Amino acid sequence: GAGGPEDPPCAAYPALESIARLSAAFPAAPLPQLLPRALPPHPKVSEMLRHFELALPGDEALSAPAGGYQVSTLRPAELLAEGSDNDPARTALVEWRHSGGGDVTSVVGCGEHFGSADAAALAGLGPTFAELPSQSALVAALLQSHAVGADALLLGGKGSGKTAAARRFAAALGYEPHVVYCYRDMGARDLLLRRETDASGSTVWRHTEAVRAAVSGGLLVIEAAHRLPAGVLAATLGRLLTDRALQMPDGTRLLPPGHYDELAASLGADELTARGVLRVHPAFRVLA
């Protein structure tokens, strides 16, 4: 049910699942430092965590969002496990160091400009951009979420560094961000299709940055998502965020890479394209 006004907000199942994957991938990270990344910021949630002795004092959980892990090396992947959905040309290895030992390695998708000298500029970082320890810790946490296949929502007031963190994450992995700017009267169709005029003066509909990012394996950055009417984001992009699948208003279908590859093996990629079926790239990620 919807619950009463005093009920704490519920955490979505994919968020809880991501915590389980994070805990398995980064076993030295204390659970109290991982939980705030999935649970809604709410006084009753904090009270529940304290009751079960899963809360850290003050802002200690937020001061080490990566659970004590630091990135030691970020380099191109040379070999992928058999059956991996990842594109070898768009995959990187992240080696993590932990102060208590137990170093780990993650395989992550990356952008087309990974390792390029232009990566920082394409991500929107200027030549005078200064690195701050808090920003580095936040970017490390974003890399962890990326490593377990999770998208991320950055919460904070104006000027708190959300945009800078998103740009640093993009620059580290060679993504050129696809940005969607949300506004109060934005409709569901506007998130997926954009009206344009062709050379003959006729109205045509083109895929928006959200769809282009999904198909090309880009980084989708949703700016000011809080301005959208209630329910629009979940109703429009919900399945793309949770299942990597989407049914478009123009009949185009987006499928997760594993499902698409199975169909392509039997029907052929050309036939799927003719039917308006597109593959969501495994390197696709979303920051909001």
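Residues numbered from 1 in each chain as written. Predicted model: local features only at pLDDT ≥ 70, side-chain atom pairs only at ≥ 80, totals over all residues. Heavy atoms only, no water.

Digging into the overall build of the protein chain
Now for step 1: Each helix and strand counted, the protein chain has 11 helices and 11 strands in total.
Now for step 2: Contacts spanning at least 24 positions in sequence make up 66% of the contacts within the protein chain whose residues lie at least 6 apart.
Now for step 3: Summing over all exposed atoms, the protein chain offers an accessible surface of approximately 15800 Å²; the carbon and sulfur share of this is 54%. (Helix = DSSP H or I, 4+ residues; strand = E, 2+ residues; numbered from the N terminus. Contact = heavy atoms within 4.5 Å. Areas by Shrake-Rupley, 256 points an atom, 1.4 Å probe, with all protein chains shown as cover.)

Comments concerning the packing of helix α6 (residues 133–147) against helix α7 (residues 162–173)
Now for step 1: Between α6 and α7, the least distance of the axes is 9 Å, while the angle of their chain directions is 60°. In terms of orientation, α6 and α7 fall into the oblique class. As for the relative orientation of α6 and α7, their crossing is right-handed in sense. When α6 is examined against α7, the residues Gln135, Ser136, Leu138, Val139, Leu142, Leu143 and His146 are found in contact with a partner set consisting of Ala164, Ala165, Arg168, Phe169 and Leu173.
Now for step 2: Here the residues of the contact of α6 with α7 sort into 8 nonpolar, 3 polar and 1 charged. (Axes fitted to C-alpha atoms, helices over the stretch in contact; angles between N-to-C directions. Parallel < 35°, antiparallel > 145°, perpendicular 65-115°, else oblique. Left-handed = near helix turned anticlockwise from the far one by under 90°. Nonpolar A, V, L, I, M, F, W, Y, C, P; charged D, E, K, R; others polar.)

Here we look at the nonpolar core
Soluble, globular proteins show a tendency: their nonpolar side chains are buried together.
Now for step 1: Ranked by internal contacts, the top residues of the largest apolar core, which has 39 residues, are Phe26, Trp96, Phe169, Leu173, Tyr175, Leu219 and Leu287.
Now for step 2: When residues of this core are traced back to their parent elements, those giving at least two are α1 (13–25), α3 (43–51), β2 (91–98), β3 (104–109), α6, α7 and β7 (219–223).
Now for step 3: The biggest single contributor to this core is α7, with 5 residues.
Now for step 4: If we ignore the near neighbours within four places in the chain, the residues touching Trp96 are Phe26, Tyr69, Gln70, Val71, Ser72, Asp103, Val104, Ser106, Ala140, Leu143 and Gln144.
Now for step 5: Of all hydrophobic cores here, the second largest spans 22 residues; its members include Cys182, Val211, Leu246 and Phe284. (Core = buried A, V, L, I, M, F, W, Y, C linked by side-chain atoms within 4.5 Å. Buried < 20%, exposed > 50% of the residue type's maximum accessible area, 1.4 Å probe, protein only.)

Structural notes on the pattern of salt bridges
Now for step 1: Per the counting criterion, the structure on display carries 9 salt bridges.
Now for step 2: In this structure, Glu196 and Arg206 form a salt bridge, with 3.4 Å as the shortest nitrogen-oxygen distance. Taken together, the residues span a long stretch of sequence, with Glu196 in strand β5 (residues 193–197) and Arg206 in strand β6 (residues 203–207) at a distance of 10 residues.
Now for step 3: Classification of Glu196 as partly exposed rests on a relative accessible area of 29%. (Salt bridge = Lys/Arg side-chain N within 4 Å of Asp/Glu carboxyl O.)

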